[in-house]
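# Fold and geometry: a report
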Amino acid sequence: MFTDPPAPSVLLSAGIGTWTWNPACNQFALSPEAIALLQADGVEQPLDEVLASIHNEDAADFLDALQTMAEEPGIHHAEFRASRDDGELRWYRAVGVSERAEDGTLSAHGLLLDNTELRRAEETHRSFFAQPNGLHLIANTDGTVVDANDGWQLLLGYRREELIGRNFLDLVLEEDHEATIEEIANLKRGITMMHFENRFQHRDGAYRVISWSAAVPEGSDLVYGVGKDVTQERAAQDQLKEAATVFNNSGEGIIITDSDGFIRNVNGAFTRITGYSKSEVLGQHSRLLNSGRHDEHFYKAMWDTIQREGLWRGEIWNRRKSGETYPELLTITRIEGDDHRYIGMFTDISKLKRTEEQLQQLAHYDQLTGLPNRYLINERLAQSLRRAQRRKIKLAVVFLDIDSFKNINDSLGHQAGDRLLVITARRLLESLREEDNIGRIGGDEFLIVMEDIDSPGDVTTVAEKIISTLRQPIELNGQELSVSASLGISIYPDDGKTTQLLMSNADAAMYSAKEQGRDTFRFYSERLTRDAFRHVLLDSALREAEARNELRLAYQPQLDISTGKIEGVEALLRWHHPQLGTVPPAQFIPHAERTGLIRSIGRWVLREACNQAVAWNRDGCGVSVVAVNISAPQFRDAGFVDTVRSVLEETGLPAEQLELEITESVLLKDTEELIEHMQSLRELGVRFAIDDFGTGYSSLSYLRRMPIDRLKVDRSFVEHLESDSNSHIIAGAIVALGQAMGIEVVAEGIETIEQERAVLAMGCKIGQGFRYGMPVYSGNIEAMIRRKNGAATER
């Protein structure tokens, strides 16, 4: 018999509802309390709707329970998870009775309980005991174990089944029984939480120190405890106590700081090494000892290691009270505990360092000159070679021998010879680049290693400087002498890929230099030797070319393709040398840029072109634009804007007739500063063209900000317009870009009528190339201008 149901509010607050089920129509009827628990839509709930809210994993069991209830009248129950309207998934327990009437009709009814919290509590309980770390324990206040986790087996060797029903005091060291019983008694008296330690016996017979946190819930006679094995920590503390015994008698300096680095204690050796008394440093920060030799990255790495590993050991420089810095071998250890502290133990290794330095000097350096000896320079050459191989760059090995050194040594004595070697070593160091290496490999022979060279010309420049420097007079024994040297050069990878082969080839080249009369240098490769001397000749001749009037300007016309009128000319530099003949610009202009001669040559070109344009204006055959090519070193020169302004003022050429041509590559570096240069010149009226457009790396955002008047399509695209569709597409895109930005486009390298028609069809109106005329000197171009522009006017 069912008693009268409780009031709905009581059922709802208790998480209880009622239900009935009619198997005939598979319809559920829910009480208001059940509707509230499930957040259902109404009283009547078809089975399909009920199943729709039940979790997929529980639906089959729910149907099985209904089937059992239908087949076996009686009391039944089922547990399932269902989703509520708010999305929350909760656990429910349905308990009911099924019965058949006399007519065979089956009906069922019962209670619905929300047991989510019970489930969660059970899961929490299981999770608590599933933790393998630490010792989890539930016991009666008399010590009988009710439950335990697997941590007992991991830490002490006892399985859970062995512990349940056993008194845990049997495992506690007898000396700790009384204290443990007293702690449990305190919990029984109402103290909510206790923390204590005792020693438990491991299955192997050893004892482990366990730190406990234990509590007795209100209204319970069970003790809940969580234990941690602190055996190692306690052993470490005991060791520190033992260490304190020898603290003040140690020969090593010892310093103890708190977690923030403030000094808490020091020993007598600390005072002896640093000069600071104990009273002077207590409470001070340990950075008081910093030498200033280490940056913040060093200290960060050191402390990261300490925090990660608890220990750091290494060499460090610190400062004494006197201000003297000194090296020490330091070990810093983190002391575990509630208040982290750090202990540093150090030894002054100043004397050891001085001894090491002396041994290093003796082992690796020439005692006379102070330069690296044969062993060390060979090691450095091997290191340089590995870097060159890894980075795929060139390096040079230079073998140097002082000419006639034996005669000087024999005639003036060994002291004079030694002095000559010392002076030579000093002069060699002054002649080399900072990144170069040099060593004395024996007698009067020196080896030089030059890394990261762009071309043999870099080595030639240094070799010339060395020879010139060594020629300077030296006073030996009251006599003024001038000495010379012979140098042999080998290049990696051209002349060898091993240290032995590079040195051997450089040595052979040095003897070749001696055979050629000494006081000179030779490359191992004859071709490089010829190129090197051509480099020397080129440099010397180019420096005198302007003064000897060997430089001239040729001009190539730029035509309006539609009218045939010459709209402008490009000034092109030519050099004719009496011995070298006509030197191609591709040879001497890069050399001029590398040596810095391009600045003076560039000023000459600019002035000459402007003077010629003024003469044409005066003679009535002027053109709209005279274009002058500007190199990267010229354009980046801080005084370039003033140079252009000065030339325009001197010559009287209107600024709008001057067009400066620069390549895209010029603008890859210091772009913002170069744009300012361009803006300053634009304010004067000077025009700008981007030469060889499309062959470099252009930034459209920078192009938009630059005062550009012309884009010149590179000849490589024009040359292949008819045969290469990609060249046609790129050239067309450049023309379209220029039109969109309001920039005039010039097609370079037009040689055929087909190329002319193609660029004209793209919308490019200005052309330049052999079809319209080769670069010619001023007299010829003037005649061409008069003829072409006169004919254009008649048309």
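Residues numbered from 1 in each chain as written. Predicted model: local features only at pLDDT ≥ 70, side-chain atom pairs only at ≥ 80, totals over all residues. Heavy atoms only, no water.

### Points about the overall build of the protein chain
For the record, the criterion: Secondary structure elements follow DSSP: runs of H or I of four or more residues count as helices, runs of E of two or more count as strands, with numbering from the N terminus. For every residue, the accessible area (1.4 Å probe, protein chains only) is compared with the maximum for its type, and the residue is labelled buried under 20%, exposed over 50%, or partly exposed between those bounds. Note on contacts: a residue pair qualifies if any of its non-hydrogen atoms lie within 4.5 Å across the two residues. Within this scheme the basic residues Lys and Arg register as positive and the acidic residues Asp and Glu register as negative, but His and the chain ends are omitted. Charged side chains are reduced to one point each, which is NZ for Lys, CZ for Arg, CG for Asp and CD for Glu.
Per the secondary structure count, the protein chain includes 29 helices and 32 strands. In terms of principal-axis extent, the alpha carbons of the protein chain reach across some 130 × 90 × 50 Å. Every one of the 795 residues in the protein chain was classed for burial, and the buried ones make up 45%. Sequence-distant contacts in the protein chain: of pairs separated by 6 or more residues, those separated by 24 or more amount to 55%. Seen as two clouds, the 85 positive and the 123 negative side-chain charges of the protein chain have centres 10 Å apart.

### Some details on empty space enclosed by the protein
Definition in use: Only protein atoms enter the 1 Å grid used here. Points where a 1.4 Å probe fits but cannot escape make up a cavity, open sets with protein on both sides within 12 Å along at least five of seven lines make up a pocket, and a residue lines them when an atom lies within 4 Å of a point. Grid points are joined across faces, edges and corners, and a volume is the space filled by probe spheres set on the points. Classification convention: Asp, Glu, Lys, Arg as charged; Ala, Val, Leu, Ile, Met, Phe, Trp, Tyr, Cys, Pro as nonpolar; all other residues, Gly among them, as polar.
Throughout the structure, instances matching the rule amount to 1 cavity of 30 Å³ or more. In this model, the largest cavity occupies a volume close to 110 Å³. Forming the boundary of the largest cavity are 13 residues, of which Leu137, Phe168, Phe196, Trp212 and Val223 lie nearest the centre. Counting only elements with at least two residues in the lining of the largest cavity, the list comes to helix H8 (177-188), strand E9 (194-201), strand E10 (207-215) and strand E11 (222-229). Among the residues making up the lining of the largest cavity, the classes are represented as 10 nonpolar, 3 polar and no charged.

### Topic: unusual backbone geometry
Across the junction of Tyr492 and Pro493, the peptide omega takes the value 5°, indicating a cis bond. Looking at the secondary structure, you find Pro493 in the loop between strand E22 (485-492) and helix H18 (499-515). Positive phi, normally seen in glycine, also occurs at Asp452, with a value near 55°. Position of Asp452 relative to the elements: it lies in strand E19 (residues 445-453). Using a relative accessible area of 39% as the deciding quantity, one classes Asp452 as partly exposed. Residue Asn477 is not a glycine yet carries a positive backbone phi of 50°. Counting through the fold element by element, Asn477 comes out in the loop between strand E20 (474-476) and strand E21 (479-481).

### What to know about helix H17 (residues 456-470)
The test is simple: Residue count minus one, scaled by 1.5 Å, sets the expected span of a helix.
With 15 residues, H17 should cover 21 Å at 1.5 Å per step; its first-to-last C-alpha distance of 21 Å lies within 8% of that length. Residues of H17 that are buried: Gly457, Asp458, Val459, Thr460, Val462, Ala463, Ile466, Ile467, Thr469 and Leu470.

### Concerning H8
This is how the line gets drawn: This arc is built from the directions going out from the helix axis to the C-beta atoms.
With 12 residues, H8 ought to run about 16 Å at 1.5 Å a step, and its terminal C-alpha atoms sit 17 Å apart, in line with that. Those residues of H8 lying buried are Thr180, Glu183, Ile184, Asn186 and Leu187. Along the axis of H8, the buried residues cluster in a sector spanning 155°; they form a single face. Seen from the buried face of H8, the exposed residues on the opposite side, beyond 90 degrees, are Glu178 and Lys188. Looking at the buried residues of H8, the elements they touch are E9, E10 and E11. Of the residues trailing H8, Gly190 is marked for its positive phi of about 115°.

### Some points on the pairing of strand E12 (residues 253-258)
Selection criterion: Only strands joined by at least two bridges in the DSSP assignment are considered to pair.
Most of E12 is tucked away, with 6 of its 6 residues classed as buried. Judged by which residues are buried, E12 turns out to be covered on both faces: Gly253, Ile255 and Thr257 on one side and Ile254, Ile256 and Asp258 on the other are all buried. Here E12 runs beside strand E16 (residues 341-348); their pairing, made up of 6 bridges, is antiparallel. Within the sheet, the bridge partner assigned to Asp258 lies in E16 and is Arg341. Note: E12 against strand E13 (residues 263-266), 3 bridges, orientation antiparallel. Across the sheet, Ile256 pairs through a bridge with Asn265, a residue of E13. If you look at the hairpin formed by E12 and E13, you'll find 4 residues sitting between the two strands, and Gly261 has a positive phi there, around 95°.

### Describing the packing of aromatic side chains
Counted only if it meets this: Pairing of aromatic rings covers Phe, Tyr and the six-membered ring of Trp, with a centre-to-centre limit of 6.5 Å; geometry is then stacked below 30 degrees between planes, edge-to-face above 60, and tilted otherwise. A ring has a charge above it when a Lys NZ or an Arg CZ is no more than 6 Å from the ring centre and no more than 35 degrees off the ring normal.
Counted by the stated rule, this structure contains 18 aromatic pairs. A centroid spacing of 6.1 Å and a plane angle of 20° characterise the contact between Trp21 and Phe28, whose relative ring orientation is stacked. The two residues Trp21 and Phe28 agree in class, both being buried. The interplanar angle of 80° and the centroid separation of 5.2 Å between the aromatic rings of Phe62 and Phe80 together place this pair among those described as edge-to-face. Here the residue Phe62 occupies a position in helix H4 (residues 56-71), and Phe80 occupies one in strand E4 (residues 74-83), the gap between them amounting to 18 residues. Neither Phe62 nor Phe80 differs from the other in exposure class; each is buried. Pairwise contacts between aromatic rings join Trp19, Trp21, Phe28, Phe62, Phe80 and Tyr92 into one cluster. A cation over an aromatic ring shows up here: Arg119 above the ring of Trp91, its NZ or CZ 3.7 Å from the ring centre. Lying over the aromatic face of Tyr777, Arg552 brings its terminal NZ or CZ to 3.7 Å of the ring centre.

### Comments concerning the sheet that holds E13
Operational definition: Convention adopted: a line fitted to C-alpha atoms gives each axis, helices being fitted over their contacting stretch, and angles between N-to-C directions are expressed from 0 to 180 degrees.
The strand order across the open sheet built from 5 strands is E13-E12-E16-E15-E14, with neighbouring strands paired in antiparallel fashion. Strands at the two margins of the open sheet, each flanked by one partner only, are E13 and strand E14 (311-319). Here the strands of the sheet are splayed against their neighbours by 25° on average, with no regard to which way each runs. Contacts from helix H12 (residues 296-309) reach E14, strand E15 (325-335) and E16, with the element oriented near 150° to E14.

### Observations regarding the sheet that holds strand E7 (residues 135-140)
Strands sit in the order E8-E7-E11-E10-E9 across an open sheet of 5 strands; the sheet is antiparallel. The sheet is open, and its two edges are formed by strand E8 (145-148) and E9, each paired on a single side. Neighbour-to-neighbour, the strand axes of the sheet open up by a mean angle of 30°, direction not taken into account. Sheet analysis places E9 next to E10, joined by 8 bridges and oriented antiparallel. Looking across to E10, one finds that Glu197 is bridged to Ser211. Contacts between H8 and the sheet are confined to E9, E10 and E11, with E9 contributing the most and set at about 145° to the helix.

### Focus on the nonpolar core
Condition: For the purposes of this section, nonpolar cores are sets of buried Ala, Val, Leu, Ile, Met, Phe, Trp, Tyr and Cys residues that join through side-chain atoms within 4.5 Å.
Judged by nonpolar contacts, the single largest core of 78 residues is most densely connected at Val569, Trp575, Phe635, Val644, Leu658, Leu660 and Ile708. A per-element tally of this core places helix H21 (residues 598-619) first, with 10 residues. Apart from the residues within four sequence positions on either side, Leu658 is in contact with Leu606, Cys610, Val626, Val628, Val644, Leu648, Leu653, Val686 and Arg687. Counting 35 residues, the second-largest nonpolar core is a separate cluster that includes Ile438, Ile453, Val483 and Phe523.

### Section: the pairing of E11
When E7 meets E11, the two strands line up antiparallel, connected through 6 bridges. The residue bridging His136 from the neighbouring strand is Val226, located in E11. In this sheet, E11 lies alongside E10 in antiparallel orientation, the contact comprising 6 bridges. Within E11, the residue paired with Ala214 across the bridge is Gly225. Hairpin connection between E10 and E11: a loop of 6 residues separates the two successive antiparallel strands, and Gly219 in this loop has a positive phi of roughly 80°.

### As for the confidence of the model for the protein chain
Operational definition: The predictor reports its confidence for every residue as pLDDT, a score running from 0 up to 100.
Summing up the model confidence of the protein chain, the mean pLDDT is 86 and the portion of residues at 70 or higher is 93%. Confidence drops under pLDDT 50 across residues 1-14; counting only partners more than four residues distant or on other chains, this segment forms 9 contacts.

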